Amino acid sequence: MPTNAPGNIQPSEITPRAVYLQRRRFLQVAALSAAAGWLPLSAEAGVKLTTTGKSPLSTSEPPTPLKEITHYNNFYEFGVDKFSPAQRAGSLITHPWNVAVEGEIRRPNVYSIETLMKLAPLEDRIYRLRCVEGWSMVIPWVGFPLNALIRQVEPTGNAKFVEFTTLYDPEQMPGQRSPVLSWPYVEALRLDEAMHPLTLLAVGLYGEVLPNQNGAPLRLVTPWKYGFKSIKSIVNIRFVEHRPTTTWMKASSREYGFYANVNLHIDHPRWSQAKERRIGEFFKRDTLLFNGYAEQVASLYRGMDLKKHF
Ligand SMILES: Nc1nc2c(c(=O)[nH]1)N[C@H]1C(S)=C(S)[C@@H](COP(=O)(O)O)O[C@H]1N2
Ligand SMILES: [Mo]
């Protein structure tokens, strides 16, 4: 590849401002941390994470290159195009970071990201990610099952759904100054979906702390659902009795349903979902039911009319 090909541009050449901000912030955090007598666990992308190794729930498909995973993003808090998050997400301060866990549970609590990361051993989980727009990637996440947190907080009998909320701070997330979506971004799962062993809380990818543009420091990953369910930069997890209305349902309920299970048989009103383009490949491939995770998750939806509950 010639040295001026897009794939050879270093992030530092593309995003001097983001990198500058990131560094400046890291220094601030490091100074504060040193003063407080402890070291930041997750202040900056590039920090290696210790894992128990590759989970058997991983796909054997080759992971998408890091550069694509970190430079082709949907993160509307930093702009609506695929390239803005890599350029602008440096303004997000990911440390310190707290997540409030509340609602219909016996043990509501505010967790620091460090405490969350100690709830269960971190695993490498290589998952397919299928965006509702028709592209896909294979992402080697680092994370732990959401059910480890759910067990810890002891849901009451009234907990039927789990609602997740992204940080709301237009200072750090300039895309929130524009009314393209209703902010903050909200997503939700049925409790049994949230408890499913495939459902991951990711804190890293490719063995290191999550880059900001991928949803640092904590994001959900539900690999059998369209990518928009995998909410980024979570600050609140709430257990509720009634089905929440999610951000994309609010934006367009006929286009984006609550379940958002990847389904080649149910077209988006404006395009077919039968095929997808794997980033880095030229020819389209067939989309798989539940994104290829049917064996593990189809039983969650037994008896449901998937055309109605899309
Ligand atoms: N808070 C928030 N989470 C979000 C989004 C977003 O705009 N804001 N975009 C979603 C969409 S549409 C996709 S496809 C995935 C993309 O994740 P990635 O950039 O890590 O590949 O994030 C999802 N999570
Ligand atoms: Mo998406």
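Anyway, here's the lowdown on the structure attached to this text. (Residues numbered from 1 in each chain as written. Chains lettered and ligands numbered in written order. Predicted model: local features only at pLDDT ≥ 70, side-chain atom pairs only at ≥ 80, totals over all residues. Heavy atoms only, no water.)

**So, the site of ligand 1**
How we decide: We call a residue near a molecule or strand as soon as one heavy atom of that residue lies within 4 Å of the molecule or strand. Any pair of N or O atoms that falls within 3.5 Å is considered a polar contact. Within protein, one atom must be able to donate a hydrogen and the other to accept it, and sequence-neighbouring residues count only if both atoms are side-chain atoms.
The immediate surroundings of ligand 1 are formed by 16 residues, with N73, Y76, E77, S230 and K232 found nearest. In the environment of ligand 1, a nitrogen atom lies 3.1 Å from a nitrogen or oxygen atom belonging to the backbone of N74. In this structure, E77 approaches ligand 1 through a side-chain N or O atom, which is 2.8 Å from a nitrogen atom.

**A look at the pairing of strand β10 (residues 234-240)**
Applicable threshold: Burial classes follow relative accessibility: with a 1.4 Å probe on protein chains only, a residue under 20% of its type's maximum area counts as buried, one over 50% as exposed, and anything between as partly exposed. Strands are runs of DSSP state E lasting at least 2 residues, helices are runs of H or I lasting at least 4, and numbering of each runs from the N terminus. In this analysis, strands are considered paired if DSSP registers two or more bridges between them.
Most of β10 is tucked away, with six of its seven residues classed as buried. Across six bridges, strand β5 (residues 161-166) lies against β10 in antiparallel orientation. Across the sheet, F164 pairs through a bridge with I237, a residue of β10.

**Structural notes on the pairing of strand β6 (residues 186-190)**
Within β6, five of the five residues are buried, leaving the element largely enclosed by the surrounding structure. Alternating positions in β6 separate into two faces, V186, A188 and R190 on one and E187 and L189 on the other, with burial throughout. Sheet topology places β5 next to β6; five bridges connect them, and they run antiparallel. Bridge pairing links T165 to V186 in β6.

**Focus on the nonpolar core**
Condition: Throughout this description, the term nonpolar core refers to a set of buried Ala, Val, Leu, Ile, Met, Phe, Trp, Tyr and Cys residues connected via side-chain atoms within 4.5 Å. The contact definition used throughout considers only heavy atoms, calling two residues in contact when any of these lie within 4.5 Å.
W141 and F239 are the most contacted members of the largest nonpolar core, which totals 80 residues. The element best represented in this core is strand β4 (residues 135-145), accounting for six residues. If sequence neighbours within four positions are ignored, W141 has contacts with E123, D124, R125, Y127, L129, L200, A202, G204, L205, L210, R219 and V221.

**Description of the sheet that holds strand β1 (residues 98-103)**
Our working rule: For helices, the fitted axis covers only the stretch in contact; all axes are lines through C-alpha atoms, and the angles between them, taken along N-to-C directions, range from 0 to 180 degrees.
With mixed pairing, five strands are arranged side by side in an open sheet as β2-β1-β10-β5-β6. If you trace the sheet from one side to the other, it starts and ends with β2 (109-112) and β6, each paired once. Each strand of the sheet is rotated relative to its neighbour by a mean of 20 degrees, with strand direction disregarded.

**So, the pattern of salt bridges**
Worth spelling out the cut-off: When a carboxyl oxygen of Asp or Glu lies within 4 Å of a side-chain nitrogen of Lys or Arg, that pair is called a salt bridge.
Under the criterion given, the structure shown has 16 salt bridges. We note a salt bridge from K48 to E208, for which the minimum N-O separation is 2.9 Å. One end of the pair, K48, is in the loop between α2 (16-36) and α3 (66-71); the other, E208, is in strand β8 (residues 208-209), and 160 residues separate them in sequence. You can call E208 partly exposed: its relative accessible area is 24%. Across the pair K225 and E193 runs a salt bridge, and its minimum N-O distance is 2.7 Å. Of this pair, K225 sits in the loop between β9 (219-221) and β10 while E193 sits in helix α7 (residues 191-195), placing them 32 residues apart in sequence. For E193, a relative accessible area of 0% translates into the label buried.

**Looking at the environment of Y76**
For Y76, the location among the structural elements is in the loop between α3 and α4 (84-88). Sequence separation between Y76 and Y185 is 109 residues; the distance between their C-alpha atoms is 9.1 Å. Leave out the neighbours within four places in its chain, and Y76 touches E133, G175, V180, L181, W183 and W248.

**Observations regarding helix α6 (residues 146-153)**
Turn by turn, an α-helix covers 3.6 residues, leaving residues three or four places apart pointing in a common direction. For α6, a buried count of six out of eight residues is recorded, marking the element as mostly surrounded by other parts of the structure. By the burial criterion, the buried members of α6 are L146, N147, A148, L149, I150 and V153. Trailing α6 by a residue or two, E154 shows a phi angle of about 55 degrees, which is positive.

**Side note on the packing of aromatic side chains**
Keep this limit in mind: Planes of paired rings set the category: under 30 degrees apart is stacked, over 60 is edge-to-face and the rest tilted, where pairs are Phe, Tyr or Trp rings (Trp by its six-membered ring) whose centres lie within 6.5 Å.
Tallied over the full model, the rule gives 13 aromatic pairs. Between Y72 and F83 the ring centres are 6.2 Å apart and the planes differ by 75 degrees, which places this aromatic pair in the edge-to-face class. Pair noted here: Y72 is in the loop between α3 and α4 and F83 is in the loop between α3 and α4, with a separation of 11 residues, a long-range link. Consider the rings of F290 and Y301, whose centres lie 5.5 Å apart with planes at 15 degrees: the pair is stacked. Here F290, found in the loop between β12 (285-286) and α9 (294-297), pairs with Y301, found in the segment after α9; they are 11 residues apart in sequence, far enough to count as distant. Looking at Y301, the relative accessible area reads 3%, which means it is buried.

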